Amino acid sequence: MAGTLVSGVAHADEPEARSPHCDYVALQSVKIRAKPTTNSTALDLLAKGKRIDCDSQAQVGGKFRDCGGGDVWNRVNYKGRKAWVASNCVRWEPS
């Protein structure tokens with residue numbers, strides 16, 4: 001789709017905008033999940049200090065207790081598929 005992202009909305013009449021590449025770095029070991037809830041399948045464990053490709057999306061989902069708790073999840077690219085990590089357990093970094 002050709003368009004730019006303005007306040008989270010793509011506009012088709014403008015050239016396509018690309019987000020800069022980024023990673024999330026685990027602040028502590030955190031499970032990579034298939035959906036944004038702790039009831040979802042754990043696909044892997046991201047060890048403290050390890051990086052994973054971010055998708056620049058966040059979503060309110062199921063509550064979690066790790067890393068101070070919360071309910072916001074960050075979407076990541078995991079082995080060619082979309083997955084989720086608890087937002088408070090990772091730090092965003094440009095790469």
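What you see is a predicted model; the values in this text were computed from it and never measured.

Another aspect to go through is the nonpolar core. Membership of the largest hydrophobic core comes to 18 residues, with the highest contact counts inside it found for Val 30, Ile 32, Ile 52 and Val 76. Tallying contributions element by element places strand E8 (residues 81-86) first for this core, with 4 residues. With near-sequence residues (within four places) excluded, Val 30 lies in contact with Asp 44, Leu 45, Leu 46, Val 85, Ala 86, Cys 89 and Val 90.

The next point concerns the pairing of strand E6 (residues 51-64). Of the pairings in the sheet, the one linking strand E3 (residues 22-26) to E6 comprises 3 bridges and is antiparallel in character. The residue bridging Tyr 24 from the neighbouring strand is Ile 52, located in E6. Bridge count between E6 and strand E7 (residues 70-78): 6 bridges; the pairing is antiparallel. Bridging across to E7, Asp 53 finds its partner in Asn 77.

Take the packing of aromatic side chains next. Counted according to the given criterion, the structure contains 1 aromatic pair. Both rings, one in Phe 64 and one in Trp 73, keep their centres 5.3 Å apart while their planes meet at 75°; by these two values the pair is edge-to-face. Per residue, the accessibility class of Phe 64 equals that of Trp 73, and both read buried.

What follows covers the confidence of the model for the protein chain. On average, residues of the protein chain score 84 in pLDDT, and 79% of them are at 70 or above. This stretch, residues 1-18, has a pLDDT under 50; its non-local contacts, to residues over four places away or in other chains, come to 22 contacts.

So, on to the state of the cysteines. Applying the stated rule across the entire model yields 2 disulfides. Through a disulfide, Cys 67 is tied to Cys 89; the S-S separation comes to 2.0 Å. Between Cys 67 and Cys 89, the S-S torsion sits near 115°, and that sign places the bridge as right-handed. Of this pair, Cys 67 sits in the loop between E6 and E7 while Cys 89 sits in the loop between E8 and strand E9 (90-94), and the two are 22 residues apart along the sequence. Taking relative accessible area as the criterion, Cys 67 reaches 23% and is therefore assigned partly exposed. Classification of Cys 89 as buried rests on a relative accessible area of 0%. Cysteine pairing in the protein chain follows 1-2, 3-4, where each cysteine in a disulfide is numbered by its order in the sequence.

How each quantity is defined
- Residues numbered from 1 in each chain as written.
- Predicted model: local features only at pLDDT ≥ 70, side-chain atom pairs only at ≥ 80, totals over all residues.
- Heavy atoms only, no water.
- Core = buried A, V, L, I, M, F, W, Y, C linked by side-chain atoms within 4.5 Å.
- Buried < 20%, exposed > 50% of the residue type's maximum accessible area, 1.4 Å probe, protein only.
- Helix = DSSP H or I, 4+ residues; strand = E, 2+ residues; numbered from the N terminus.
- Contact = heavy atoms within 4.5 Å.
- Pairing = 2+ DSSP bridges.
- Phe/Tyr/Trp six-rings, centres within 6.5 Å; stacked < 30°, edge-to-face > 60°.
- pLDDT = per-residue confidence, 0-100.
- Disulfide = S-S within 2.5 Å.

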